[in-house]
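Structure assessment
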Amino acid sequence: MRVEMNGWAIVTVAMMLIGLLAIGLIMYYIRKGREERAKASAEANASDEKRAAADAEE
């Protein structure tokens, strides 16, 4: 019975570690996606401002 309890403890700890790893990966990719969207948005705003300035000069 003691061996079974140790086996379940190992399985439980392994599952918890896998869960933490999955949560960490999800958070990483969410942050990465937000950064990429923010960068693309900033680039789009900069190009819009350049177009507006060019239109104003004409």
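Here goes a summary of the coordinates provided.

Each value, and the rule that gives it
Every chain's residues receive numbers from 1 upward, in the order its sequence appears when written. pLDDT decides what is reported in this predicted model: residues at 70 or higher carry local features, side-chain atom pairs at 80 or more are listed and counted, and totals for whole chains, interfaces and linings draw on all residues regardless. Heavy atoms from the whole structure form the basis of all side-chain values; hydrogens and water molecules are not counted. In DSSP terms, a helix is any run of H or I states spanning at least four residues, a strand is any run of E spanning at least two, and both are numbered starting from the N terminus. Exposure is judged per residue with a 1.4 Å probe applied to protein chains only, and the accessible area is read against the type maximum: over 50% gives exposed, under 20% gives buried, and values in between give partly exposed. For accessible areas, the Shrake-Rupley method is used with a probe of radius 1.4 Å. Any residue's cover is judged against the shown protein chains and nothing else. Within this analysis, patches are made of residues with over 30% relative accessible area and no salt bridge. Like charges are joined at 9 Å or less; nonpolar side chains (Val, Leu, Ile, Met, Phe, Trp, Tyr) at 5 Å or less. Any Lys or Arg side-chain nitrogen located within 4 Å of an Asp or Glu carboxyl oxygen qualifies as a salt bridge. The rule is short: rings of Phe, Tyr and Trp, with Trp giving its six-membered ring, pair when the centres are within 6.5 Å, and they are stacked under 30 degrees, edge-to-face over 60, tilted in between.

The next thing to look at is the overall build of the protein chain. Across its full length, the protein chain carries one helix and zero strands. When the 58 residues of the protein chain are sorted by exposure, 2% land in the buried category. Surface accessibility of the protein chain: about 5600 Å² in total, with carbon and sulfur atoms responsible for 65%.

All right, on to a nonpolar patch on the surface then. Among the surface-exposed residues, V13, L17, L20, I23 and M27 lie close enough to one another that they form a single nonpolar patch of about 490 Å² accessible area. For V13, the position within the fold is in helix α1 (residues 2-57). With a relative accessible area of 46%, V13 lands in the partly exposed category.

The subject of this paragraph is the packing of aromatic side chains. Taken as a whole, this structure holds one aromatic pair when the rule is applied. Look at Y28 and Y29: their rings are 5.0 Å apart centre to centre, the planes differ by 75 degrees, and that puts the pair in the edge-to-face class. Taking relative accessible area as the criterion, Y28 reaches 47% and is therefore assigned partly exposed. For Y29, a relative accessible area of 51% corresponds to the exposed category.

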